[in-house]
There are 2 protein chains.
Amino acid sequence: MGISKIDKMHSLSKNQQIIFDLIDKSSEPLKAYTILFNVQKKGIKAPLQVYRALDKLVEIGKIHKIESRNAFIACHNSSCQVAKATAFSICEICEKVTEISSAGLSKYLANFKDKDGMKYSKYNLEFFGLCKKCR
Amino acid sequence: MGISKIDKMHSLSKNQQIIFDLIDKSSEPLKAYTILFNVQKKGIKAPLQVYRALDKLVEIGKIHKIESRNAFIACHNSSCQVAKATAFSICEICEKVTEISSAGLSKYLANFKDKDGMKYSKYNLEFFGLCKKCR
DNA sequence: CTTATAAATGTTATATTATTACATAGTGTT
DNA sequence: AACACTATGTAATAATATAACATTTATAAG
Ligand SMILES: [Zn+2]
Ligand SMILES: [Zn+2]
Ligand SMILES: [Zn+2]
Ligand SMILES: [Zn+2]
């Protein structure tokens, strides 16, 4: 009873798993060098090891990069497995980041046509405001 | 016949003007150190001088930062004077960036409510795809 | 099992992007 | 003049990310 193709597609390498676990259990977005510091005890010693794992995890949709913060959070939206269409809200006071999972929003953006009639399946949207706690 | 308040609000300091002019006449987004290199002949010698001018220009809406590229473009959308609600399309091949000016889109996003009913007047949206030339 | 291929890792050095800290100078207002 | 505010100059350093090269591990095919 081996590993099925589907399982394998989602299986992570050692470094990827270590870094994903750290991000996934974090309550806030983590920066690359914060990650590095926290996984050094597990044998990951160099920035490049972190960045390579991050690149892969982003590529397969397990995590997303918050571009305006240079930080990474785990995806908690199963429909993001393809990972190319993301939306977040960011609190400007406490920096809490929440992934937005709105069928209406993703449908609107996926169907949006620019003035040349071009549609885009990939996008990243970051909303800024105050979270419940901070307002 | 002095400078009116409105004029003054929009008047740029020396460094701000030099850097805005460079960005404004560029056909592509410029990075901070590219800007630095190009304004050294005008006496701007240090990164901080560039970053300070960029911060101010972003704040007053004369330029926008393309977060996924760490680069800056001039605003060509007069309604962005307040500069907090921006949308761009980015070509993944040639890196051409175009500011999107769509009343429908900005209205949709400004009125979007997250699952807590929260609305956001500030946002940044980056669409990724292929420009006309590259597809 | 062997060979080939692709993916991941380890390591060092370096490039790129951005900020801290402190001193000085200009601008507008009262 | 006195004050507040904005902008500038300069040096040092912090934070973020990649290049280059050697090696190892996983996967697939023959
Ligand atoms: Zn997601
Ligand atoms: Zn908050
Ligand atoms: Zn604009
Ligand atoms: Zn293009």
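Residues numbered from 1 in each chain as written. Chains lettered and ligands numbered in written order. Predicted model: local features only at pLDDT ≥ 70, side-chain atom pairs only at ≥ 80, totals over all residues. Heavy atoms only, no water.

Caption draft 1: Representation of helix α2 (residues 14-25) of chain A. All names here are of chain A. Over its 12 residues, α2 extends 17 Å from the first C-alpha to the last, a length consistent with the 16 Å expected when each residue adds 1.5 Å. Every buried residue of α2 is listed here: N15, Q16, I18, I19, F20, L22 and I23. Considering only its buried residues, α2 is in contact with α3 (32-39), α4 (47-59), β1 (63-66) and β2 (71-74). (Helix = DSSP H or I, 4+ residues; strand = E, 2+ residues; numbered from the N terminus. Expected span 1.5 Å × (residues − 1). Buried < 20%, exposed > 50% of the residue type's maximum accessible area, 1.4 Å probe, protein only. Contact = heavy atoms within 4.5 Å.)

Caption draft 2: A look at the pairing of β2 of chain A. Residue and element names in this part refer to chain A. Residue alternation in β2 divides its side chains into two sets, A71 and I73 and F72 and A74, and both sets are buried. Strand direction decides the pairing type here: β1 and β2, joined by four bridges, are antiparallel. Paired with K65 across the two strands is F72, which belongs to β2. As consecutive antiparallel partners, β1 and β2 are separated by four residues, and within that stretch N70 has a phi angle of approximately 50 degrees, a positive value. (Pairing = 2+ DSSP bridges.)

Caption draft 3: Main features of the protein's contact with DNA strand C. Contacts to DNA strand C come from 17 residues, most closely from S13, Q49 and R52 of chain A together with K31 and K65 of chain B. A breakdown of the atoms of DNA strand C within 4 Å of the protein gives sugar and phosphate a share of 49%. In the model, a phosphate oxygen of DNA strand C is placed 2.7 Å from a nitrogen or oxygen of the S13 of chain A side chain. Contacts to DNA strand C include Y51 of chain B, whose side-chain N or O atom sits 3.1 Å from a phosphate oxygen. (Near = heavy atom within 4 Å. Polar contact = N/O pair within 3.5 Å; in protein donor to acceptor, adjacent residues only side chain to side chain.)

Caption draft 4: Summary view of the confidence of the model for chain A. Of all residues in chain A, 89% attain a pLDDT of 70 or more, and the chain-wide mean is 90. Predicted confidence for residues 1-8 of chain A stays below pLDDT 50, and this span has one contact to residues more than four positions away or in other chains. (pLDDT = per-residue confidence, 0-100.)

Caption draft 5: Expanded view of the coordination of the zinc ion (ligand 2). Taken together, the protein donors to the zinc ion (ligand 2) comprise C91 of chain A (SG), C94 of chain A (SG), C131 of chain A (SG) and C134 of chain A (SG), at separations of 2.3 to 2.4 Å. Along the chain, the residues donating to the zinc ion (ligand 2) are arranged with the sequence spacing C-x2-C-x36-C-x2-C. (Donors = N, O, S within 2.8 Å, 3.2 Å for Na, K, Ca; no water.)

Caption draft 6: Spatial organisation of the environment of K42 of chain B. All names here are of chain B. Looking at the element boundaries, K42 is found in the loop between α3 (32-39) and α4 (47-59). Residue classification places K42 among the exposed positions, given a relative accessible area of 54%. Along the primary structure K42 and S121 are separated by 79 residues, whereas in three dimensions their C-alpha atoms are 38 Å apart.

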